[in-house]
Amino acid sequence: MSQKRVAAIHDISCFGKCSLTVALPILSAAGIETPVIPTAVLSTHTGGFSGYTFRDLTDDIMPVAKHWKKEGITVDAVYSGYLGSKEQIGLVMDAVREIKNDDTIMIVDPVMADNGKLYGGFAPDFPTEMRKLCETADIITPNITEATFMLGVPYRDGPYDEEYINDIISGLAKMTSGKVVLTGVFFDDERIGAACFDGKETSYAFSERIPTSYHGTGDVFSSTLVSAIMNGKSLKQATQIAVDFTYSCIKRTFYNHPEMKYGVNFEAELPYLLKML
């Protein structure tokens, strides 16, 4: 089987494990060629750090894509994450048209919100623009906050019930006409994971719930999901692998007690991921 190629469109946080510094090593470890289109360069990620530097690379997105097209470079999948502006959302859609072929899969992680609130710097109309990108996707991986913002429905704190989750999944499936993986799903205080709609039915993948949170775990989850799909796993199988790997990273990190803002020690768990793949 020929090596898969996935274009990762994310920012680079030079310190703090998220975005490209998570996506690139996880996809590469999974045997996937991972060319990148960076959207910005920051000295650190924005959660828990102050005084960070920020270099906007909006103007470089299309030149990179056009150069790839000129060179005949196409990709098996495009995987987009954090985008810093509405302008970048439109440019990503344009860039995908430049580099895709008839078989290219579009996977969108609409990183913009959590715990019922938009991330800092995003205007109230940002979810409307992100919805447009998700409508073009084959697979989307929002958390519950991001899903409710795009659907314009009320956000609720968990634990959830299946009716609430199924209503969100149904709305997202109609919105995208694609496949949906909804993260941050839990029905009790013991387990947490994701709901997966593969176009036919909804299934769930859970792990033990550890009483903590770390920056970048959403990127770990989505990057693992992409890795599993590109290695021939079904969406249901890929979702369980992503849940299990993210849990293993959180568990290892929790018992070593590092700071939340430093992210999880996913590097030490990569052999476990490769075993699952």
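All of these numbers come straight from a predicted model, not from anything done at the bench.

The rules behind the values
Residues numbered from 1 in each chain as written. Predicted model: local features only at pLDDT ≥ 70, side-chain atom pairs only at ≥ 80, totals over all residues. Heavy atoms only, no water. Core = buried A, V, L, I, M, F, W, Y, C linked by side-chain atoms within 4.5 Å. Buried < 20%, exposed > 50% of the residue type's maximum accessible area, 1.4 Å probe, protein only. Helix = DSSP H or I, 4+ residues; strand = E, 2+ residues; numbered from the N terminus. Pairing = 2+ DSSP bridges. Axes fitted to C-alpha atoms, helices over the stretch in contact; angles between N-to-C directions. Parallel < 35°, antiparallel > 145°, perpendicular 65-115°, else oblique. Left-handed = near helix turned anticlockwise from the far one by under 90°. Contact = heavy atoms within 4.5 Å. Nonpolar A, V, L, I, M, F, W, Y, C, P; charged D, E, K, R; others polar. Salt bridge = Lys/Arg side-chain N within 4 Å of Asp/Glu carboxyl O. Polar contact = N/O pair within 3.5 Å; in protein donor to acceptor, adjacent residues only side chain to side chain.

A. Quick peek at the nonpolar core. M130, L133, I165, L172 and L182 are the most contacted members of the largest nonpolar core, which totals 46 residues. Among the nonpolar cores identified, the runner-up in size contains 38 residues, and A23, I139, I210 and Y247 belong to it.

B. Layout of the pairing of strand β11 (residues 191–197). By the criterion of burial, β11 is predominantly enclosed, with 5 of the 7 residues buried. As paired strands, strand β10 (residues 179–185) and β11 are joined by 5 bridges and run antiparallel to one another. Each residue of the ladder has a partner; that of T183, found in β11, is A194. Connecting β10 to the next strand, β11, in antiparallel fashion are 5 residues. When β11 meets strand β12 (residues 202–208), the two strands line up antiparallel, connected through 7 bridges. Residue pairing in the sheet places G193 in a bridge with F206 of β12.

C. Looking closely at the sheet that holds strand β2 (residues 12–13). Taking strand neighbours across the sheet as the criterion, the 3 strands line up as β2-β3-β4 in an open arrangement whose pairing is mixed. Edge strands, defined here as strands with exactly one partner in the open sheet, are β2 and β4 (54–56). Pairing analysis gives 3 bridges linking strand β3 (residues 40–42) to β4, with the strands arranged antiparallel. By the bridge assignment, A40 is partnered in β4 with D56.

D. Here's a closer look at the packing of helix α5 (residues 144–151) against helix α6 (residues 162–176). Between α5 and α6, the least distance of the axes is 10 Å, while the angle of their chain directions is 55°. On the basis of the axis angle, α5 is oblique to α6. Crossing angle aside, the handedness with which α5 passes α6 is left-handed. Contact with α5, carried on its side by I144, A147, T148, M150 and L151, involves Y164, I165, I168, G171, L172 and M175 of α6 and no other residues of that element. Residues of the contact of α5 with α6, tallied by class, amount to 9 nonpolar, 2 polar and no charged.

E. Broad picture of the pattern of salt bridges. Using the criterion set out here, one finds 12 salt bridges in the structure. Here E267 makes a salt bridge to K17, at a shortest N to O gap of 3.0 Å. Linking E267 in the loop between α8 (235–254) and α9 (270–276) with K17 in the loop between β2 and α1 (20–29), this pair joins segments that are 250 residues apart in sequence. A residue is classified by how much of its surface remains accessible, and K17, at 26% relative accessible area, is partly exposed.

F. Spotlight on the environment of K100. Relative to the helices and strands, K100 resides in the loop between α3 (86–99) and β6 (105–108). Residue K100 is classed as partly exposed on the basis of its relative accessible area of 41%. Remark: the alpha-carbon pair of K100 and A7, spanning 93 residues in sequence, is separated by 9.8 Å.

G. Inspection of the side chain of T141 at higher detail. When you line up the elements, T141 lands in the loop between β9 (139–140) and α5. At a separation of 3.3 Å, a polar atom in the side chain of T141 contacts the side chain of D109. In this structure T141 touches V108, D109, P110, V181, S222 and L225, once residues within four positions along its chain are discounted.

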